[in-house]
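What the coordinates show
Spelled out, the chains give:
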Protein chains: 2
Amino acid sequence: MAEPVRLAEKLSAFSEHWSPKVVADFNGHDVMVVKVQGEFVWHAHPDTDDFFLVLKGRLRIELRDGEVTLGPGELYVVPKGVEHRPVAEEEVHLLLIEPAGTPNTGDAATAAVKTRL
Amino acid sequence: MAEPVRLAEKLSAFSEHWSPKVVADFNGHDVMVVKVQGEFVWHAHPDTDDFFLVLKGRLRIELRDGEVTLGPGELYVVPKGVEHRPVAEEEVHLLLIEPAGTPNTGDAATAAVKTRL
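As a starting point, this report considers the structure included with it.

Criteria and cut-off values
Counting starts from 1 at the beginning of each chain's written sequence and moves along it residue by residue. Chain A is the first chain written and ligand 1 is the first ligand written, with later ones labelled in order. In keeping with the model being predicted, local features are shown solely for residues with a pLDDT of at least 70 and side-chain atom pairs are shown and tallied solely at 80 or more, while totals for entire chains, interfaces and linings include all residues. Hydrogens and water are ignored here; the side-chain numbers use all heavy atoms of the structure. What sets the superposition is a least-squares fit of C-alpha atoms, and only residues with pLDDT of at least 70 in both copies go into it. It only takes one pair of heavy atoms within 4.5 Å for two residues to be counted as in contact. Buried area is understood as the total, over both parts, of accessible area removed when two parts are fitted together, assessed with a 1.4 Å probe. Take a side-chain nitrogen of Lys or Arg and a carboxyl oxygen of Asp or Glu: if they are within 4 Å of each other, that pair is a salt bridge. Side-chain atoms alone can form a polar contact between residues adjacent in sequence; in general such a contact is a pair of N or O atoms within 3.5 Å, and within protein one must be able to donate a hydrogen while the other accepts it. Runs of H or I in DSSP of at least four residues are treated as helices and runs of E of at least two as strands, each being numbered from the N terminus. Think of it as three bins: nonpolar holds Ala, Val, Leu, Ile, Met, Phe, Trp, Tyr, Cys and Pro, charged holds Asp, Glu, Lys and Arg, and polar takes everything else, Gly as well. Each nonpolar core is a collection of buried residues, namely Ala, Val, Leu, Ile, Met, Phe, Trp, Tyr and Cys, held together in the definition by side-chain atoms within 4.5 Å. Burial here depends on accessible area, computed with a 1.4 Å probe over protein chains only, as a share of the maximum for the residue type. Under 20% is buried, over 50% is exposed, and the range in between is partly exposed.

On to the relation of the copies chain B and chain A. Note on the copies: chain B fits chain A at an RMSD of 0.0 Å, the axial shift is 0.0 Å, and the rotation between them is 180°. The transformation just described matches what one would write down for a two-fold rotation axis. Looking at the rotation axis and the C-alpha trace of chain B, the residue lying nearest is B:G73, at 5.0 Å. Of all interface residues in chain B, 100% are interface residues in chain A too; the two copies therefore contact each other through one and the same surface.

Encoded structure:
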């Protein structure tokens, strides 16, 4: 029997921050959940847009020319090549979608290893 | 100033069923919200996976060899080429992602026109 991907259940299975977990595959992309808190690094993805959907909490995405703040049920796509820095004052739960293998920092040398849940 | 895509706000702007509204662009894909109720047609997409995330209500996706039922915060990806039929006993709100231009029935002749919100 096919089973849905229950995002809350996936999120309850880990506690570490900035460590995306792959929960589904879609057209060569990883569909991931992640918990974040604090400031991430400024980065850009030269070859892919960056999809953020907030499931819990409030995420501020700083851009070089402004910022956008997302609450639950709100999404934002950072266009490819645009520098951004996610900042979470308190813990935020996110759904992310990126081409499989995309480094989360934009640089494989500093990127988190994505694991599958 | 950049603005988030507020899914509830987008969904409050229309009432018709089975008529996807594009709310964002992501890597050549349309990110869409849609309200559905009743039975859709059996169909498959030969060239793309089909991404469903339930925002409200309960969606049953019938498959030729079973079915999967999704509640809020649950997602399912129907692999490319797999026949499926979405069924909603009551109104369901969904987030969908498909390559731009994908006909929602798998057939351009019978597909809904996607508009942008």
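Alright, that's what it looks like, and here's the rest.
Turning our attention to the interface of chain B and chain A. If you look at the interface, chain B gives 32 residues, while chain A gives 32 residues. Between chain B and chain A, roughly 2,400 Å² of surface is buried when both sides are summed, and carbon and sulfur atoms account for 68% of that area. In this structure, the connection of chain B to chain A is made through 2 salt bridges. The closest approach of N and O atoms between A:E74 and B:R6, which form a salt bridge, is 3.6 Å. At the boundary of chain B and chain A, one finds 10 residue pairs in polar contact (both at pLDDT 80 or more). Elements that contribute at least two residues to the side of chain B that touches chain A include exactly β1 (5–6), β2 (21–26), β3 (29–39), β4 (50–56), β6 (66–70), β7 (74–78) and β8 (84–99) of chain B. Of the residues that constitute the side of chain B that touches chain A, the class distribution is 19 nonpolar, 5 polar and 8 charged.

Turning our eyes to something else, we now look at unusual backbone geometry. Residue and element names in this part refer to chain B. Of note, W18 is a non-glycine position whose phi angle comes to about 60°, a positive value. Within the secondary structure, W18 is located in the loop between α1 (7–11) and β2. The residue N27 is not glycine, and still its phi comes out positive at about 50°. Assignment of secondary structure puts N27 in the loop between β2 and β3.

Below, the discussion takes up the nonpolar core. Residues A:F51, A:L75, B:F51, B:L75 and B:L95 are the most contacted members of the largest nonpolar core, which totals 30 residues. In contact with B:F51, not counting residues within four places along its chain, are A:F26, A:V31, A:L95, A:I97, B:L75, B:Y76, B:V77, B:L95, B:L96 and B:I97. Core analysis: the second largest hydrophobic core is formed by 20 residues, A:W18, A:V22, A:L70 and A:Y76 among them.

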